[in-house]
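What the coordinates show
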Amino acid sequence: MSLFLKNVNYLDYKTLKFTKTNLMVESGVNGGIRFMDDERSAHPDGEIIDCQGKIVTKSFAVGHHHAYSALARGMGAPEKKPENFYEILKYVWWKLDKAFDREMIEASALSTAIACAKAGSTFVIDHHASPEYIPGSLEIIAKAFDKVGISHLLCYEISDRDGLEKAEEGLEETAQYLNNQQGLVGLHASFTVGNKTMKKAADLMEKFDSGFHIHVAEDAYDEKVTLETYGKTVVERLKDYGVLNSSKTILAHCLHLSAKEKEEVRNSKAWIVQNPDSNLNNHVGFFDGRGLGDRIMLGTDGMHSDMIRTVQQSYFLGQTFDSIDVDGAYRRFRNVHEYINSNGFEGDGENNLVVLDYKSPTPVKSENFTGHFVYGLQTADIQHVISKGKLIVKDRHIETVNEDDVQAASKEQALWLWRRMRI
Ligand SMILES: [Zn+2]
């Protein structure tokens, strides 16, 4: 079954070249797109969408997300007002993920997948934790994402923070999952992972030819504890375990790295994810890409699922705390595709598209598109979203699941969760 988009103004996301054409979009994980200048030669066997006046381009992807945080929106204040990053983890996130059960995992994954789809993302790199429901948790998320039509690269957050038994369960869940699915070896952060667990995780990475997905120097606390406990910096520690040799490794945040650590990361194969909204929310500092090289992508860190908002935050924060222009911000936004495709992960092929209904008071051209992207484009401009050749969002409405039903179930789960957390 192929989808036919007619009267398309197609924007190549790499070259920023516009082409007026019609597009035949093949379905399936390996499906492509074909330009058909003459509409009459096309014989579509699927839906036909008129894209007159719209821009069609590659859909988006989230470099670092936490689906479980969907149930935190609107939640009450914790028992104690957190005064630093460690207390934010202790009184909010570690309380939340410990209260998670199967239904909550499923509800939050479905809600997150819908939010991602409607915001134009068809691929999500997620980092999951549910210490009281570890075995099988990643398959629940994978199924929920598949149902909505979101491709994924998942991992379980291995950590010693709840004891070595839970760390073992996390390692086991990772191994089970990687036997059947593409994914990563997830770890919370250096300061909650002891040497034994770190070594076992690095062995898993080797065994499955995978990479780490870990929070790095999100707060100065990570560096402080790592240095005090292991006598080395976070980056040195990861380097010693061979983690930085994998081009699949993702280091989320990297806010508090020394110049030497930045150099180590720059000269490694690992990728970095900037999460601007989350950093603002947690009051942990500001990302500065200078000295880190070009392998920087963007994520939402569970704050929301809106990558347009994220690239705009990255750009505006970068005017003070970083050095970035509109082209650089757009490159950061799009780097995730190189990460996914150069590492051979599936689900981010050519037949993943967004149709933008972008009205502008000024001309939109190849030369100024990144300026429009940063200053003008809004998530509300995303009219249709196509994932693996299938229309998953049509006229801003999710097509694959009943959103009202999902949100009703999610609200119920949120109430259970909050009750369990006594919030
Ligand atoms: Zn995170």
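In what follows, the accompanying structure is described.

Rules and cut-offs
- Residues numbered from 1 in each chain as written.
- Predicted model: local features only at pLDDT ≥ 70, side-chain atom pairs only at ≥ 80, totals over all residues.
- Heavy atoms only, no water.
- Helix = DSSP H or I, 4+ residues; strand = E, 2+ residues; numbered from the N terminus.
- Rg over C-alpha atoms; globule rule 2.2 N^0.38 Å.
- Contact = heavy atoms within 4.5 Å.
- Areas by Shrake-Rupley, 256 points an atom, 1.4 Å probe, with all protein chains shown as cover.
- Lys, Arg positive; Asp, Glu negative; His and termini not counted.
- Charge placed at Lys NZ, Arg CZ, Asp CG, Glu CD.
- Buried < 20%, exposed > 50% of the residue type's maximum accessible area, 1.4 Å probe, protein only.
- Pairing = 2+ DSSP bridges.
- 1 Å grid on protein atoms, 1.4 Å probe; cavity = no way out; pocket = protein on both sides within 12 Å on 5 of 7 lines; lining within 4 Å.
- Points joined across faces, edges and corners; volume = space filled by probe spheres on them.
- Nonpolar A, V, L, I, M, F, W, Y, C, P; charged D, E, K, R; others polar.
- Donors = N, O, S within 2.8 Å, 3.2 Å for Na, K, Ca; no water.
- Tetrahedral: all angles 85-135°; square planar, octahedral: opposite > 155°, others 65-115°.
- Expected span 1.5 Å × (residues − 1).
- Polar contact = N/O pair within 3.5 Å; in protein donor to acceptor, adjacent residues only side chain to side chain.
- Patch = residues over 30% accessible without salt bridge, like charges linked within 9 Å, V, L, I, M, F, W, Y side chains within 5 Å.
- Salt bridge = Lys/Arg side-chain N within 4 Å of Asp/Glu carboxyl O.

Right, let's talk about the overall build of the protein chain for a bit. The number of helices and strands found in the protein chain is 13 helices and 17 strands. Here the C-alpha atoms of the protein chain give a radius of gyration of 21 Å, agreeing with the 22 Å that 2.2 N^0.38 yields for 423 residues. Residue pairs in contact within the protein chain that sit at least 24 positions apart in sequence constitute 75% of those at least 6 positions apart. By element, 48% of the accessible surface of the protein chain is carried by carbon and sulfur atoms, the whole surface being about 17,400 Å². Positive and negative charge centroids in the protein chain, built from 49 and 61 side chains respectively, lie 1 Å apart.

Of all six residues that make up strand S15 (residues 382-387), six are buried, and the element is covered over most of its length. Inspection of the sheet shows S15 paired to strand S16 (residues 390-394) by three bridges, in the antiparallel sense. Across the sheet, residue Val 385 finds its bridge partner in S16, namely Val 393. In this structure, the hairpin formed by S15 and S16 is closed by a connection of two residues, where Lys 388 is found at a positive phi of approximately 50°.

Here we come to empty space enclosed by the protein. On inspection of all chains with the given rule, the structure shows three cavities of 30 Å³ or more. Its volume calculated, the largest cavity comes out at about 70 Å³. Lining the largest cavity, in full, are Ala 129, Pro 131, Ile 134, Tyr 156, Glu 157, Ile 158, Ser 159, Arg 161, Asp 162, Lys 166 and Ala 167. Residue composition of the lining of the largest cavity, by class: six nonpolar, one polar and four charged.

Another point: the pairing of strand S1 (residues 2-11). Judged by how many residues are buried, S1 sits mostly within the fold: eight of ten residues are covered. With eight bridges connecting them, S1 and strand S2 (residues 18-26) associate as antiparallel partners. Looking at the pairing, Leu 5 lines up with Leu 23 of S2. The antiparallel pairing of S1 with S2 creates a hairpin that spans six residues between the two strands, and Leu 16 there sits at a positive phi of about 60°. Inspection of the sheet shows S1 paired to strand S4 (residues 48-50) by three bridges, in the parallel sense. Bridge pairing in S4 links Phe 4 to Ile 48. The pairing of S1 with strand S5 (residues 55-58) spans three bridges and is parallel. Pairing of Asn 9 across the sheet is with Ile 55, part of S5.

The protein atoms that coordinate the zinc ion are His 64 (NE2), His 66 (NE2), His 215 (NE2) and Asp 301 (OD), at distances spanning 2.0 to 2.1 Å. Each of the four donor atoms around the zinc ion contributes to a set of angles spanning 89 to 161°, which defines the coordination as irregular. The sequence motif formed by the donor residues of the zinc ion is H-x1-H-x148-H-x85-D. Classification of His 66 by relative accessible area gives buried; the value is 5%.

Further remarks concern helix H10 (residues 307-321). Spanning 15 residues, H10 covers 20 Å between terminal C-alpha atoms, matching the ideal 21 Å at 1.5 Å per step. If you check which residues of H10 are buried, you get Met 307, Ile 308, Thr 310, Val 311, Gln 312, Ser 314, Tyr 315, Leu 317 and Gly 318. Where H10 begins, one side-chain oxygen reaches toward the backbone nitrogen of Ile 308, 3.1 Å away; that side chain belongs to Asp 306.

Further remarks concern a nonpolar patch on the surface. A cluster of nonpolar side chains, namely Leu 280, Phe 286 and Phe 321, defines an oily patch on the protein surface of about 240 Å² accessible area. When you line up the elements, Phe 286 lands in the loop between helix H9 (276-282) and strand S13 (296-298). Judged by relative accessible area, which is 38%, Phe 286 ranks as partly exposed.

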